[in-house]
Amino acid sequence: MIWQCKGRLLSSTGDPDGRLKDICLSYALYRLLCRRFAGYPFSKSSDVKTWKFVRNGLLSNEDDHERAFRVIEVELAFVYDLFYTKYAAIFSNKGFFQLRSIQFIIVIVGCVTMVPILTNYHTPKNDLNLLTVGGHNVDVLVTCIGVVAILFMDLVQYFVLSFSDWDKVQLLCWYVKKPSWQNNKCIENIIQIVSHRKWLKPWGRNLGQYSLLESYNYNPSRLLYNRCITSFVNKPRNGQTESNRIKLPLEVKKAIIVSLRTLNGQRLKNEEASVQRNGEALLQQNQIWDELSWACRLETQTHVIMVWHIATSLCEKECKQGNIVMKITPFIVANALSKYCAYLVAFAPRFLSDNSYMTEVIFDQVVQEARDVLNGCNSATSKYGKMMKISVGAGKGDPGENIIKRGAVLAKHIRKLSVDNVQRWEILADFWAEMMLFVTPSNDTTVHAEYLAKGGEFVTHLWALLSHAGILKRDSAHKDV
């Protein structure tokens, strides 16, 4: 009904970018996503129409990456409200809008009525008469403060509810159902003002970042994390210190959506398609696929992430050493996603397919390896030089080599196989974009719900998007990592 409405508000002139319709779409998708959180199966997930809904609907235009993530963001805001606020229960009552308005009017009338009563109030003769320094009655002063506080809280609550996504959906549904509203410019203006304002955002649109080569030497303070404190707060592990968070770059959104489009409804295949596609497109005669495929087929997914993260960090340090300023899109994408995936390993292992305990063990292992290999290296230059030395004469990574050395070997191969810096970062950017798609599918809905309470994670937004595309799991026919 929303898309068929002929009212000016929902037309191409009243809503040129489709934001009002997308709010209702987000609500519909939220109702579908609730099935996953409740443990019910996505019966239509294998249907081709499910993939086409995302590919030819949400992503019908080349520049729809921003719109897709905006729709998912509002959808997850509904999920957040379902778990952590009373909005879902409040707005399930059809007469709530009228009751809320009546309650607000009663509060206003009550406060106005109190003004003359308090102004003319006098303490009875037999009662204790308390006066302030200025000669004002304490009873009146306390009562006034209480009344103002009640009025202020009710006013704030009224406007927060009025500008919530739930109220926007409700107003738009009424607008569609009532033809009289569609010819009323005053009502249309009110709905437009309400629908284009958002006061509270559960997600800050930030990406957590972690750099192993910068943080491996970190040791948690014994004074800060003593026995008393650790009874209430988890003590960080060695090397576990978060880098500064960054705003989610637009380039990252676009790169992931481009990678999603290339899947064409196929199952995810452990980033190998990314490396192979780059090999064919960039420099097929150098056999990039043959040289790099080993790095996609390691023991666990955590091994793959950390090896490629180390290689990406080394390529970044090489650019800094050569005073090369890289502002190209592939550089931004590769660095942001490399450090974000490493952040998931270090701080949120439950989002990954590996057992979280095993991920923590591997993380501790690679931190210790870094400390052993880079012992005595105090500058970025010395760290880079030492890492390049251990890769000399080494062949393709094999299970007998440690993660640090594998990362150095991979960095050496990428340097050797790429013609220039641009090509190198294109390989890395494509890999990390597909890696994000590969780590996202999961049946652990609990971790997504828990992290929504903390502000949410970017991987949850991808998880919701892939769920609606029918991609609920990785390719079981391929070796999972």
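Quick caveat: nothing in here was measured; it's all calculated off a predicted structure.

A. Looking closely at the overall build of the protein. A tally of helices and strands in the protein yields 22 helices and 2 strands. The buried share of the protein, reckoned over its 481 residues, is 51%. The contacts of the protein with a sequence gap of at least 6 include a subset with a gap of at least 24, amounting to 77%.

B. Quick look at the environment of N206. Inspection of the secondary structure assignment puts N206 in strand β1 (residues 206-209). Taking the C-alpha atoms as reference points, N206 and G456, separated by 250 residues in sequence, lie 9.2 Å from one another. Leaving out residues up to four positions away in the same chain, N206 has contacts with R245, I246, K247 and L248.

C. Just a nonpolar patch on the surface, in detail. On the surface, a cluster of nonpolar side chains totalling about 250 Å² of accessible area is made up of L82, F83 and Y84. Among the structural elements, Y84 can be located in helix α3 (residues 65-84).

D. A look at the pattern of salt bridges. In this structure the tally under the stated criterion is 16 salt bridges. The shortest N-O distance in the salt bridge between E66 and K253 comes to 3.2 Å. Within this pair, whereas E66 is found in helix α3, its partner K253 is found in helix α12 (residues 250-263), the two being separated by 187 residues in sequence. Two residues, D444 and R350, come together in a salt bridge whose shortest N-O distance is 3.8 Å. A residue pair is termed long-range when its members are at least 10 positions apart, and D444 in the loop between α20 (421-439) and α21 (445-453) and R350 in the loop between α16 (329-347) and α17 (356-373) qualify at 94 residues. Judged by its relative accessible area of 34%, R350 falls in the partly exposed class. Each of D22, R67 and R70 takes part in salt bridges that share partners, so that together they form one network.

E. Representation of the packing of aromatic side chains. Throughout the structure, instances matching the rule amount to 24 aromatic pairs. The interplanar angle of 10° and the centroid separation of 3.8 Å between the aromatic rings of W308 and F431 together place this pair among those described as stacked. With a gap of 123 residues between them, W308 in helix α15 (residues 301-321) and F431 in helix α20 connect regions that are remote in the sequence. Of the two residues, W308 and F431, neither departs from the other in class, the shared state being buried. Among the aromatic side chains, those forming a connected cluster through ring pairs are F69, Y210, Y340, Y343, F347, F363 and F458. Across the ring face of W174, the terminal group of K178 is positioned such that the distance to the ring centre comes to 5.5 Å.

F. Unusual backbone geometry, seen in detail. For R205, which is not glycine, the phi torsion reads 60° and is therefore positive. Locating R205 in the fold gives a position in the loop between α9 (185-195) and β1.

G. Molecular detail of the nonpolar core. Of all hydrophobic cores here, the largest spans 112 residues; its most connected members are L260, W308, W432, M436 and F458. Ranked by the residues each element gives to this core, the list is headed by α16, at 12 residues. Look past the residues within four positions of W432 in its chain and what remains in contact with it is I305, W308, H309, T312, A334, L337, S338 and C341.

H. Representation of the packing of helix α1 (residues 19-38) against helix α22 (residues 458-468). The geometry of α1 relative to α22 is characterised by a closest axis approach of 11 Å and an angle of 100° between their N-to-C directions. One finds that α1 runs roughly perpendicular with respect to α22. Counted together, L29, L32, L33, R36 and F37 of α1 and W463, A464, S467 and H468 of α22 form the full contact between these two elements. Each residue belonging to the contact of α1 with α22 can be placed in one class, and the counts come to 6 nonpolar, 2 polar and 1 charged.

I. Examining the side chain of K168 more closely. Along the chain, K168 turns up in helix α7 (residues 165-177). Look past the residues within four positions of K168 in its chain and what remains in contact with it is I23, F163, V194, S195, R197 and K198.

J. Region of the structure containing α15. The terminal C-alpha atoms of α15 lie 30 Å apart, and with 21 residues this matches the ideal 30 Å at 1.5 Å per residue to within 8%. Burial of α15 is extensive: 18 of the 21 residues sit out of reach of the surface.

K. Looking closely at helix α19 (residues 403-417). With 15 residues, α19 should reach 21 Å at 1.5 Å per residue; the first-to-last C-alpha distance of 21 Å fits that figure. Of all 15 residues in α19, 11 are buried, a share of seventy percent or more. Those residues of α19 that fall on the buried side of the exposure criterion are I403, I404, R406, G407, A408, V409, L410, A411, H413, I414 and L417.

L. Highlighting the confidence of the model for the protein. When pLDDT is averaged along the protein, the result is 81; 84% of the residues meet or exceed 70. At the low end of the mean pLDDT range in the protein sits helix α13 (residues 272-282), at 47; at the high end sits α16, at 94. With pLDDT under 50 throughout, residues 278-286 is counted as low confidence; its partners more than four residues away or in other chains account for 15 contacts. In the predicted structure, residues 476-481 sits below a pLDDT of 50 and forms 19 contacts with residues beyond four places in sequence or in another chain.

M. Structural context of the environment of P330. By the element assignment, P330 lies in helix α16. Separated by 97 residues in sequence, P330 and I427 have C-alpha atoms that sit 8.3 Å apart.

Procedures and definitions
- Residues numbered from 1 in each chain as written.
- Predicted model: local features only at pLDDT ≥ 70, side-chain atom pairs only at ≥ 80, totals over all residues.
- Heavy atoms only, no water.
- Helix = DSSP H or I, 4+ residues; strand = E, 2+ residues; numbered from the N terminus.
- Buried < 20%, exposed > 50% of the residue type's maximum accessible area, 1.4 Å probe, protein only.
- Contact = heavy atoms within 4.5 Å.
- Patch = residues over 30% accessible without salt bridge, like charges linked within 9 Å, V, L, I, M, F, W, Y side chains within 5 Å.
- Areas by Shrake-Rupley, 256 points an atom, 1.4 Å probe, with all protein chains shown as cover.
- Salt bridge = Lys/Arg side-chain N within 4 Å of Asp/Glu carboxyl O.
- Phe/Tyr/Trp six-rings, centres within 6.5 Å; stacked < 30°, edge-to-face > 60°.
- Lys NZ or Arg CZ within 6 Å of the ring centre and 35° of its normal.
- Core = buried A, V, L, I, M, F, W, Y, C linked by side-chain atoms within 4.5 Å.
- Axes fitted to C-alpha atoms, helices over the stretch in contact; angles between N-to-C directions.
- Parallel < 35°, antiparallel > 145°, perpendicular 65-115°, else oblique.
- Nonpolar A, V, L, I, M, F, W, Y, C, P; charged D, E, K, R; others polar.
- Expected span 1.5 Å × (residues − 1).
- pLDDT = per-residue confidence, 0-100.

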